[in-house]
Amino acid sequence: MLLAMDVGNTHIGLGIYQGNELIHHWRVHTDRQATEDEYGMRLKNLFHHVGIQLGEIQGIIICSVVPPLTYVLKKLVRKYFPVKPIIVGPGVKTGLNIQYENPREVGADRIANAVAANDRYGAPVIVVDFGTATTFCFINEKGHYVGGAIAPGITISTEALFQRTSQLTRIEMIKPDHVVGRNTVKALQAGVFYGYVGLVDGIVNRMKEQMKKNPTVVATGGLAEMVCTETKTVDHVDPLLTLAGLKIIHQRNQG
């Protein structure tokens, strides 16, 4: 069994693969203060509920955009698992030609997304990831990772709006019934939701202008399914795309 860990600023995605099949997956809050033992207990509890022992894990791959947690998780693996983890980063075989000016700047999650999208949907492909930041990855006709765009995530934007305005309250992020809100909460929900729908379609359409062939557009991340009910440019919503990319990268680093 393979344990794949996608460590983001807000959530950690966990997946267990048996061969090519994702048999279990979870999404837990990122806790920057937790120790390796606290994360170990979390994993033990999750595994216990599905009848898996820590010793059954034969491989571990981690992509992380939270460097302090990367160190904690390395200690976790050394203490609780009989395997050496693969940490996605320089020196790891991804099969992806990264044409960023400085390839080290590309987040490990974006690399995993691009690898999975290339494998599942073929090039050219654009990946939109609704995480703490909303990222757009541009993979050209040759399957090369050219670059992308990064925008503030939906949660960051709504929280900033609440903190910087005196009369606006925190809102639940849901799809509004109408673009014209008739009270403050509905107006906020309409502005944020349809604003991000427009942001996605606007950036994707501009990226498409840079391609000779029409790309497949794939969305992933926590709010992808909700936002993409209204977008006009997204072809597929693939919530577990990052975990799939990690599984592929792990396979490419065997032997």
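About the cut-offs
- Residues numbered from 1 in each chain as written.
- Predicted model: local features only at pLDDT ≥ 70, side-chain atom pairs only at ≥ 80, totals over all residues.
- Heavy atoms only, no water.
- UniProt positions renumbered as here; feature names shortened; annotations may be inferred.
- Domains from an automatic or database assignment.
- Contact = heavy atoms within 4.5 Å.
- Buried area = accessible area lost by both parts, 1.4 Å probe.
- Salt bridge = Lys/Arg side-chain N within 4 Å of Asp/Glu carboxyl O.
- Polar contact = N/O pair within 3.5 Å; in protein donor to acceptor, adjacent residues only side chain to side chain.
- Helix = DSSP H or I, 4+ residues; strand = E, 2+ residues; numbered from the N terminus.
- Axes fitted to C-alpha atoms, helices over the stretch in contact; angles between N-to-C directions.
- Left-handed = near helix turned anticlockwise from the far one by under 90°.
- Nonpolar A, V, L, I, M, F, W, Y, C, P; charged D, E, K, R; others polar.
- Pairing = 2+ DSSP bridges.
- Parallel < 35°, antiparallel > 145°, perpendicular 65-115°, else oblique.

The name given to the protein chain in an unreviewed UniProt entry is Type III pantothenate kinase, and the organism recorded there is Kroppenstedtia pulmonis. The Catalytic activity (unreviewed entry) field of the UniProt record for the protein chain holds the comment "(R)-pantothenate + ATP = (R)-4'-phosphopantothenate + ADP + H(+)". The Pathway (unreviewed entry) field of the UniProt record for the protein chain holds the comment "Cofactor biosynthesis; coenzyme A biosynthesis; CoA from (R)-pantothenate: step 1/5."

A.B. asks: Looking at this model, I keep getting lost on the domain arrangement of the protein chain. Mind explaining?
C.D. replies: A common way to state how big an interface is: give the accessible area lost once the parts meet. You can read the domains of the protein chain as domain 1 (2–87) and domain 2 (97–246). A straight line from the C-alpha centre of domain 1 to that of domain 2 covers 25 Å. Counting from both sides, the interface comprises 16 residues of domain 1 and, opposite them, nine residues of domain 2. Overall, the association of domain 1 and domain 2 removes approximately 980 Å² of surface from exposure, summing both partners, and the carbon and sulfur fraction of that is 71%. Ranking the residues of domain 1 by area buried against domain 2 places Asp6, Tyr17 and Cys63 at the top, with a combined share of 36%. Taken together, the connections running from domain 1 to domain 2 amount to zero salt bridges. Taken together, the links from domain 1 to domain 2 amount to three residue pairs in polar contact (both at pLDDT 80 or more). Counting residues per element, the ones that place at least two in the side of domain 1 that touches domain 2 are β1 (2–7), β2 (11–18), β3 (21–29) and β4 (59–64). Here the element with the most residues in the side of domain 1 that touches domain 2 is β2; it accounts for four residues.

A.B. asks: How should the packing of helix α1 (residues 36–49) against helix α2 (residues 67–80) be read in this particular structure?
C.D. replies: The packing of two helices is summarised by the inter-axis angle and the distance between the axes. Between α1 and α2, whose axes approach to 9 Å, the crossing angle comes to 65°. The hand of the α1/α2 crossing is right-handed. On the side of α1, the interface is formed by Glu36, Asp37, Tyr39, Gly40, Met41, Leu43 and Lys44, while α2 contributes Leu69, Val72, Leu73, Lys75, Leu76, Lys79 and Tyr80. Here the residues of the contact of α1 with α2 sort into eight nonpolar, one polar and five charged.

A.B. asks: Quick question: what am I supposed to make of the pairing of β3 here?
C.D. replies: Walk down a regular strand and you will see the side chains alternate between the two sheet faces. One ladder, built from eight bridges, connects β2 with β3; its direction is antiparallel. Looking at β3, one finds that Leu14 is bridged to Trp26. Hairpin remark: β2 followed by β3, antiparallel, with two residues in the connecting loop; positive phi at Gly19, about 65°.

A.B. asks: What am I meant to see in the side chain of Ser64 here?
C.D. replies: Looking at the secondary structure, you find Ser64 in strand β4. Within the structure, the side chain of Ser64 is placed 3.1 Å from the backbone nitrogen of Val66, a separation counted as a polar contact.

A.B. asks: I would appreciate a short explanation of the UniProt feature "binding site: ATP" (unreviewed entry) in the protein chain in the present structure.
C.D. replies: As recorded in UniProt, the sites labelled "binding site: ATP" (unreviewed entry) are Asp6, Val7, Gly8, Asn9, Thr10, His11, Ile12, Gly13 and Thr132. Annotated residues spanning 127 residues; largest pairwise C-alpha distance 13.2 Å, indicating a single compact cluster. When you line up the elements, Thr10 lands in the loop between β1 and β2. In this structure, Thr10 is in contact with Val28, His29, Thr30 and Thr132, ignoring residues within four places of it in sequence. Summarising the element assignment, Ile12 is placed in strand β2. With residues up to four places along the chain from it excluded, the contact list for Ile12 reads Asp6, Val7, Trp26, Arg27, Val28, Thr30, Tyr39 and Leu69.

A.B. asks: What is the right way to look at the packing of helix α3 (residues 108–121) against helix α7 (residues 241–252) in this model?
C.D. replies: Close contact between α3 and α7 brings their axes to 7 Å; oriented N to C, the two are set at 85°. One finds that α3 runs roughly perpendicular with respect to α7. Packed against α3, whose contacting residues are Asp109, Ile111, Ala112, Asn113, Val115, Ala116, Ala117, Asp119, Arg120 and Tyr121, the element α7 presents Leu241, Thr242, Ala244, Gly245, Leu246, Ile248, Ile249 and Arg252 at the interface. Here the residues of the contact of α3 with α7 are counted per class, giving eleven nonpolar, three polar and four charged.

A.B. asks: Help me understand the UniProt feature "binding site: K(+)" (unreviewed entry) in the protein chain in this model?
C.D. replies: According to UniProt, the positions carrying the feature "binding site: K(+)" (unreviewed entry) are Asp129. Mapped onto the elements of the fold, Asp129 is located in strand β6 (residues 125–130). Apart from residues lying up to four places away in sequence, Asp129 is in contact with Asp109, Asn113, Thr134, Thr135, Thr220, Gly221 and Thr242. For Asp129, the side chain forms a polar contact with the side chain of Asn113, separated by 2.9 Å.

A.B. asks: How should I be thinking about the environment of Thr229 in this particular structure?
C.D. replies: Inspection of the secondary structure puts Thr229 in the loop between α6 (224–227) and β10 (236–237). In sequence terms Thr229 and Asp37 are 192 residues apart; their C-alpha atoms lie 40 Å from each other. Those residues in contact with Thr229 that sit more than four places away from it in its chain are Lys175 and Phe193. One polar contact links Thr229 to Lys175, side chain to side chain, over a distance of 3.5 Å.

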